[in-house]
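Reading the structure
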Amino acid sequence: MRLKEKTERLATLLAAYIKEDMDSLKRSGIEEEYDEREQLLQEIRELKNEAENVKKEKKADKAAKKEKEECQGEEIRRKAMEGMTKNPTPTKKAKFDVGDYLERKADIEERRLSLEEKKQEAEREERRVSWRPFSNSVTNSQMK
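Procedures and definitions
Residues numbered from 1 in each chain as written. Predicted model: local features only at pLDDT ≥ 70, side-chain atom pairs only at ≥ 80, totals over all residues. Heavy atoms only, no water. Salt bridge = Lys/Arg side-chain N within 4 Å of Asp/Glu carboxyl O. Helix = DSSP H or I, 4+ residues; strand = E, 2+ residues; numbered from the N terminus. Buried < 20%, exposed > 50% of the residue type's maximum accessible area, 1.4 Å probe, protein only.

A short note on the pattern of salt bridges
- Within this structure, the stated rule accounts for seven salt bridges.
- A salt bridge links K79 to E75, with the shortest nitrogen-to-oxygen separation between them at 3.9 Å. Taken as a pair, K79 and E75 lie in helix α2 (residues 36-86) at a separation of four residues, close to a single helical turn.
- A relative accessible area of 31% places E75 in the partly exposed class.
- Of the charged contacts, one joins E121 and R124 as a salt bridge, the two residues approaching to 3.0 Å between their closest N and O atoms. Highlighted residues: E121 and R124, both in helix α3 (residues 98-143), separated by three residues, approximately one helical turn.
- The partly exposed category is assigned to R124, whose relative accessible area is 43%.
- Through salt bridges with shared partners, one network takes in E75, R78, K79 and E82.

Purely geometric stuff here, so don't read any function into it on its own.
So, in structure tokens, the structure goes:
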């Protein structure tokens, strides 16, 4: 016999036993003596009920675990939102604009040239000042 056939046969035997057991209890009101077959079917019935209870417990545990994880997720999201309100992040950066870039680059270049001109002017002034005393000394000696 295959497993499926065995399972179906066991289910049929168990159903017949349960029906017979209930009918017997209704008729007599007391427990009757069991033969070996009935004892085995009774054990199978108890094991089946126990397996169903274990399955229900596992399902309840799984649901409780899922509920706990959802609560933890909500708590994490709530704390993250609180953190965001305390330290708001800047909005999205503006897209890169070539025109703005070129304007800034031109301004920087203009400032650089201006500083360079000032530097050159300062150097010319420094040379002129340093040449004056020499030219004054030559002029003074020629005058004498």
